[in-house]
Amino acid sequence: MSPSPRRFAAAVAALTLAAAGVVAFAAPAAAASGDLLISEYVEGSSNNKAIEIYNPSTASVNLATTGYALQQYSNGSASAGLTIPLTGSVAADDVYVLAHGAANAALLAVADQVTGTTTGLFNGDDAVAVVKNGVIVDVIGQIGFDPGTEWGTGLNSTADNTLRRAAETCIGDTNGADAFDPAVGWTGFATDTFDGFGAHDADCALEPPTDPDPGPVADCAATPVTIGSVQGSGAASPIQGQNVLIKGVVVGDFQSTGGYDGYYVQDGGDGDTATSDGIFVYAPGGTAVNVGESVSVAGAVKEQFGLTEIVAADVEVCPGGATIPEPTPLQLPATVEQREALEGMYVTLPQKLAIGETFEYGRFGTITLTNGRLDTPTAVVEPGAAAVALAAANLDNSITLDDGRSTQNPDPAIHPDGGTFTLEHSFRSGDLVQNATGVLDYRFDVWGVQPTEGADFTVGNPRPELPDVGGDLKISSFNVLNYFTSIDPTPTMSGDDDYYRGADTAEEFQRQQDKIVSALAEIDADVFGLLEIENNGTAVQALADALNARVGEGTYVPVTTGVIGTDAIATAIIYKPASVAPVGAHLLMTSAIDPAWSDERNRPGLTQRFASTETGEEFVVSVNHLKSKGSACAESPDLGDGQGNCSALRTAAATALTTWLNTTVATDGRAIVIGDLNSYDHEDAIDAFVAGGFTDLEKQFNGEHAYSYVFDGQLGYLDYALAQPALLADVSGASAWHINADEPSLIDYDMSFKLPAQDALWAPDPYRSSDHDPVIVGLNLTPPDTTDPTIEVTAEPSAVFPPNNKMRTVEFTIDAADDSGDVTVEFTDATATGSSTAHWEQIDDDTFRVKAVKRAVYRFTWTATDAAGNSATDTVEVVVGK
């Protein structure tokens, strides 16, 4: 499961807006009739990507002087990840072609402009827009919506096809927010169809659009409006669409570098703390500015997906010096209203904040900072109102720290302290960042700081040693994150990714396997339960072979199951035959055992009984991977209580599994359930396990805040070890080993979204071998104690003389021992013979009195018992007479 701080903001927003039925989306402004439009689109093999732009008017258009550009919006992003200013001109009723610099000769032959050969132009799930001075004139796709892999199907789709605009279309789609269907107004052609590229046959030739009034002109001597009056005190500007003149100091410049095509300006303020004194100026290819310069900006006010900005029409750099204001402190927790009041301003985060989420660091350069480490709500509170409230509080206590760049897969990766990220200069979730300083920004539906300098960094969560869980035998649950021996034959096509979920190349596979093997070898468990391994019947053997190549031939063998279930991934078990031996065949939990178990939603649970080769003691390991929260279940919808999708379905599976184990498979009470149960420990599914008599070992040994997974910057555990009562008595310890969840994904095996310098950060070590931490459990399986204790009793005196019928005191010494160390001794018998008048009495545990009767014989017996119930006795005589 892949986490995302953008999803974090959206998820919390959904909790607060769903009840009111509110959906917020800022539509772009409309372009004039007769403006340019996209007439053909090529998303072909490799870098065969190009856009043909048609001029339907009766006049030539100078693209550069009129501010035209091509923008790409990646994977549902609401902000452009790539902006390419267009150059040259396009004649009336003619076309202009922009092509990737590494496209084939047929496309380059008709290209008017080419990109760099390393520029990632677009894929089938990216929206592409032609804009004029930042205003959309036409778009392919839907901005702010992720279609998965493509819009449309078959030939009429945006992936691996050519799309040609219908001849009767004369006006482009100026609403980037509306739904996009390539079957409407487009004709699709097969991959790498270029025969019509470079010309467009249209049934229209419209009059050129009438240019509006030029609007205000920048003037350093003129009286500006305050930026606060432009921003207003609400979420959006009260004067959207109006032209304004502002003046202020540049506090953050991301115009020529960074990809934001603009900069932030802050003025002296309007005295109203509810209105921000800073604003983003969108000025692609405009007048160059520097931080610290005073500028006059004239342009239109616009809301760009929640960010208030001015689209610059004219800019003048003012003479004379200017002073950058002191950064305004921003303390967490901070509400949306408090952040709105600082939008676009120069701020600093003075607190020592924890690094929370790092999942998007490698691809987008972003991390989240949190006010302390935050818990996933249902990991610490019950689902419902408490969980919803904590989710909202977590959002107030979290903020993004960006890298000032909109480019994907940035090189170099920037450390929060401003340096370059390397394996020697890295960070983990839980490390501390203080005094992060820059401009407060709102992009991708989250609030973030675009840094203008490095922050103070402190290691707060160093890499831990392997946990010592004790015991003489170890069990471990390990999610191997789609370990697939089948390499994706078409890595650039996403249509088969539901099956080929692992490495795209042999090199990636080797990198993945090396990391997993390093982790498994160091854990050195006697039984491993594996999750997310390819369900082909052979991947588990391949992993066992790779592990044995590291630790010794024959060390591990798999439980042979073949293909189980219908999902692409399965559960699996490998074990050390020197330590344990299977008892009977493996068992599968499916709907054939209990109809409440959904075969469609859950992978079959794999269960195997083992016996210790040393002691013969038996135990049961059940490896399970329950339905995820990520995709919906119509029969078990998200109830909005914090448990996500399919909670009732997971709860039904947990109840079915516990009943089966308790009544059929492990009636001796010696089962342990391990695996990814996709439920946090306060959720209903885990309650069902506890109600069934299972103990949550993570909570028992590590407390309420234990974790094995970081999602949206929040801690919790989905990876479990749950023990039945009899086996619980043998558990010596349990712990997650934090080698994955806290590590940035930048160092993982995947090479899909990395430049060579970032690929080189990989190392064949255990760190980020998966996205889940392994859980390790220690068991004490000692041999049965069948040895009796020893006991020796002596009496002082052992002979009583003279026989004068008086009571005499006798002291006894009892020496008892056992190889287990624990032994109890008790007085169990006494007899008197030889005289009818013989008599004894007990004074204390080892002191007695006997009557000195002639010819009397007294016999006293003690019994020693060890902890296993083995016992031994000794009897000593006391004789009256010489």
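Rules used in this analysis
- Residues numbered from 1 in each chain as written.
- Predicted model: local features only at pLDDT ≥ 70, side-chain atom pairs only at ≥ 80, totals over all residues.
- Heavy atoms only, no water.
- Helix = DSSP H or I, 4+ residues; strand = E, 2+ residues; numbered from the N terminus.
- Rg over C-alpha atoms; globule rule 2.2 N^0.38 Å.
- Buried < 20%, exposed > 50% of the residue type's maximum accessible area, 1.4 Å probe, protein only.
- Contact = heavy atoms within 4.5 Å.
- Areas by Shrake-Rupley, 256 points an atom, 1.4 Å probe, with all protein chains shown as cover.
- Lys, Arg positive; Asp, Glu negative; His and termini not counted.
- Charge placed at Lys NZ, Arg CZ, Asp CG, Glu CD.
- Disulfide = S-S within 2.5 Å.
- Pairing = 2+ DSSP bridges.
- Axes fitted to C-alpha atoms, helices over the stretch in contact; angles between N-to-C directions.
- Parallel < 35°, antiparallel > 145°, perpendicular 65-115°, else oblique.
- Left-handed = near helix turned anticlockwise from the far one by under 90°.
- Nonpolar A, V, L, I, M, F, W, Y, C, P; charged D, E, K, R; others polar.
- Expected span 1.5 Å × (residues − 1).
- Arc of directions from axis to C-beta.
- Core = buried A, V, L, I, M, F, W, Y, C linked by side-chain atoms within 4.5 Å.
- Phe/Tyr/Trp six-rings, centres within 6.5 Å; stacked < 30°, edge-to-face > 60°.
- Salt bridge = Lys/Arg side-chain N within 4 Å of Asp/Glu carboxyl O.
- pLDDT = per-residue confidence, 0-100.

Asks: Let's hear about the overall build of the protein chain: which residues, and what values?
Replies: When its secondary structure is counted, the protein chain shows 14 helices and 49 strands. Its C-alpha atoms give the protein chain a radius of gyration of 37 Å, clearly above 29 Å, the size a compact globule of 882 residues would have. Taking the principal axes of its C-alpha atoms as reference, the protein chain extends roughly 140 × 60 × 50 Å. For the protein chain, with 882 residues in total, the buried portion stands at 53%. A separation threshold of at least 6 residues defines the contact pool for the protein chain, and within that pool the share at least 24 residues apart is 71%. Accessible surface computed for the protein chain: about 33,900 Å², of which carbon and sulfur atoms make up 52%. Here the protein chain contributes 40 positively and 121 negatively charged side chains, and the mean placements of these two sets differ by 13 Å.

Asks: Give a detailed account of the state of the cysteines, specifying residues and quantitative values.
Replies: For the structure on display, the rule yields two disulfides. A disulfide bridge connects Cys220 with Cys318, and the sulfur atoms are separated by 2.0 Å. Its S-S torsion of approximately -95° makes the covalent link between Cys220 and Cys318 left-handed. Within this pair, whereas Cys220 is found in the loop between strand E14 (186–189) and helix H3 (227–231), its partner Cys318 is found in the loop between strand E19 (307–317) and strand E20 (328–329), the two being separated by 98 residues in sequence. Considered together, Cys220 and Cys318 belong to a single accessibility category, that of buried residues. Between the sulfur of Cys633 and that of Cys646 lies a disulfide, 2.0 Å long from S to S.

Asks: Please set out the sheet that holds strand E36 (residues 695–696) residue by residue, giving values where relevant.
Replies: With mixed pairing, the six strands of this open sheet are ordered in space as E32-E33-E34-E35-E39-E36. With partners counted over all chains shown, the strands left at the sheet margins are strand E32 (580–589) and E36, one partner each. Across the face of the sheet, helix H10 (residues 647–665) comes into contact with E32, strand E33 (605–612), strand E34 (618–625) and strand E35 (671–676) while running at roughly 130° to E32.

Asks: Please set out the packing of H10 against helix H11 (residues 684–691) residue by residue, giving values where relevant.
Replies: When two helices pack together, you describe them by how their axes are tilted relative to each other and by the distance separating the axes. At a minimum axis distance of 8 Å, the contact between H10 and H11 shows a crossing angle of 15°. With respect to each other, H10 and H11 are oriented roughly parallel. The element H10 and its partner H11 pack so that their crossing is right-handed. Contacts between H10 and H11 involve Ser647, Arg650, Thr651, Ala654, Thr655, Leu657 and Thr658 from the first element and Asp684, Ala685, Ala688 and Phe689 from the second. Class assignment of the residues belonging to the contact of H10 with H11 gives a composition of five nonpolar, four polar and two charged.

Asks: Any details on helix H7 (residues 385–396)? Residues and values, ideally.
Replies: End to end, H7 covers 17 Å across twelve residues, agreeing with the expected 16 Å (1.5 Å per residue, within 8%). All of the buried residues in H7 are Ala387, Ala391 and Asn394. All buried residues of H7 project into a common sector of 65° when viewed along the axis, lining one side.

Asks: Residue-level account of the sheet that holds strand E46 (residues 840–844), with values.
Replies: Spatially, four strands are ordered E42-E44-E47-E46 in an open sheet, and the strand pairing comes out antiparallel. With partners counted over all chains shown, the strands left at the sheet margins are strand E42 (790–796) and E46, one partner each. Within the sheet, the average angular offset between the axes of one strand and its neighbour, ignoring direction, is 25°.

Asks: Hey, could you go over the nonpolar core for me, with residue numbers and the actual values?
Replies: Of all hydrophobic cores here, the largest spans 57 residues; its most connected members are Leu369, Leu530, Ile533 and Leu543. Counting residues in each nonpolar core, the second largest holds 36 residues, with Ala69, Leu82, Ala127 and Val131 among its members.

Asks: Report on the pairing of strand E41 (residues 775–779), specifying residues and quantitative values.
Replies: Of all five residues that make up E41, five are buried, and the element is covered over most of its length. Across the two faces of E41 the burial is the same, with Val775, Val777 and Leu779 and Ile776 and Gly778 all buried. Direction of pairing for strand E40 (residues 731–736) relative to E41: antiparallel, over a ladder of five bridges. From the neighbouring strand, Ala734 faces E41, where its bridge partner is Val777.

Asks: Any chance you could break down the packing of aromatic side chains for me, citing the residues and the numbers?
Replies: One pair of aromatic rings is described through two measures. These are the centre distance and the angle between the planes. Taken as a whole and judged by the stated rule, the model has 26 aromatic pairs. Centre to centre, the rings of Tyr41 and Phe122 are 5.1 Å apart; their planes meet at 20°, and the pair counts as stacked. Of this pair, Tyr41 sits in strand E1 (residues 37–43) while Phe122 is found in the loop between strand E8 (113–114) and strand E9 (127–132), placing the two residues 81 residues apart along the sequence. In terms of burial, Tyr41 and Phe122 fall into one category: buried. When the ring of Phe827 is compared with that of Trp840, the centres are 6.3 Å apart and the planes differ by 80°; the resulting orientation is edge-to-face. One end of the pair, Phe827, is in strand E45 (residues 823–833); the other, Trp840, is in strand E46, with 13 residues separating them in the sequence.

Asks: With reference to specific residues and values, describe the pattern of salt bridges.
Replies: By the definition in use, this model includes 25 salt bridges. With its nearest N and O atoms 2.6 Å apart, the salt bridge here joins Glu743 to Arg428. Of the two residues, Glu743 is situated in the loop between E40 and helix H14 (756–759) and Arg428 in the loop between strand E24 (398–401) and strand E25 (432–443); the sequence distance between them amounts to 315 residues. Comparing Glu743 with Arg428, the two get one shared label, buried. Between Arg501 and Asp567 there is a salt bridge, and its shortest N-O distance comes to 3.0 Å. You can see Arg501 sitting in the loop between strand E28 (473–483) and helix H8 (506–523) and its partner Asp567 sitting in the loop between strand E30 (557–558) and strand E31 (569–575), a full 66 residues away along the chain. Judged by relative accessible area, Asp567 falls into the partly exposed class, the value being 24%. When salt bridges with common partners are traced through the structure, they connect Arg373, Arg428, Arg463, Asp742 and Glu743 into a single cluster.

Asks: Hey, could you go over helix H9 (residues 539–551) for me, with residue numbers and the actual values?
Replies: In this model H9 runs 18 Å from its N-terminal to its C-terminal C-alpha over 13 residues, within 8% of the 18 Å that 1.5 Å per residue would give. Where H9 is concerned, the buried positions are Ala539, Val540, Leu543, Ala544, Ala546, Leu547 and Asn548. Among the residues trailing H9, Gly552 stands out with phi positive, at a value near 130°.

Asks: Run through unusual backbone geometry, naming residues and quoting values.
Replies: Geometrically, the link from Asp411 to Pro412 is a cis peptide bond, its omega value of 0° lying close to zero. Structurally, Pro412 is set in the loop between E24 and E25. With an omega dihedral of 0°, the bond running from Glu796 to Pro797 counts as a cis peptide bond. Within the fold, Pro797 resides in the loop between E42 and strand E43 (799–800). Even without glycine at this site, Arg768 takes up a positive phi of about 60°. Note on placement: Arg768 falls in the loop between H14 and E41. Taking relative accessible area as the criterion, Arg768 reaches 9% and is therefore assigned buried. Of note in this structure, Asn805 is not a glycine but carries a positive phi near 65°. One can find Asn805 in the loop between E43 and strand E44 (807–817).

Asks: Residues and numbers for the side chain of Asn48, please.
Replies: Mapped onto the fold, Asn48 is located in the loop between E1 and strand E2 (49–54). Accessibility expressed as a relative area gives 7% for Asn48, which makes it buried. Among all residues touching Asn48, those that are not within four sequence positions of it are Val42, Glu43, Ala103, Asn104, Leu107, Asp192 and Phe194.

Asks: Go over the confidence of the model for the protein chain, please, and point to the residues and values.
Replies: For the protein chain, the mean per-residue pLDDT works out to 91, and 94% of the residues sit at or above 70. This stretch, residues 1–33, has a pLDDT under 50; its non-local contacts, to residues over four places away or in other chains, come to 70 contacts. Here residues 207–213 scores under 50 on pLDDT; set against residues more than four positions off or in separate chains, the count is nine contacts.

Asks: Explain the pairing of E28 residue by residue, including any values.
Replies: Regular strands have side chains that alternate between both faces of the sheet. Counting buried residues in E28 gives ten out of eleven residues, a clear majority hidden from the surface. Here E28 pairs with E41 via five bridges, running antiparallel. Within E41, the residue paired with Leu473 across the bridge is Leu779. Pairing between E28 and strand E29 (residues 527–534): six bridges, direction parallel. Within E29, the position partnered with Ser477 by the bridge is Gly529.

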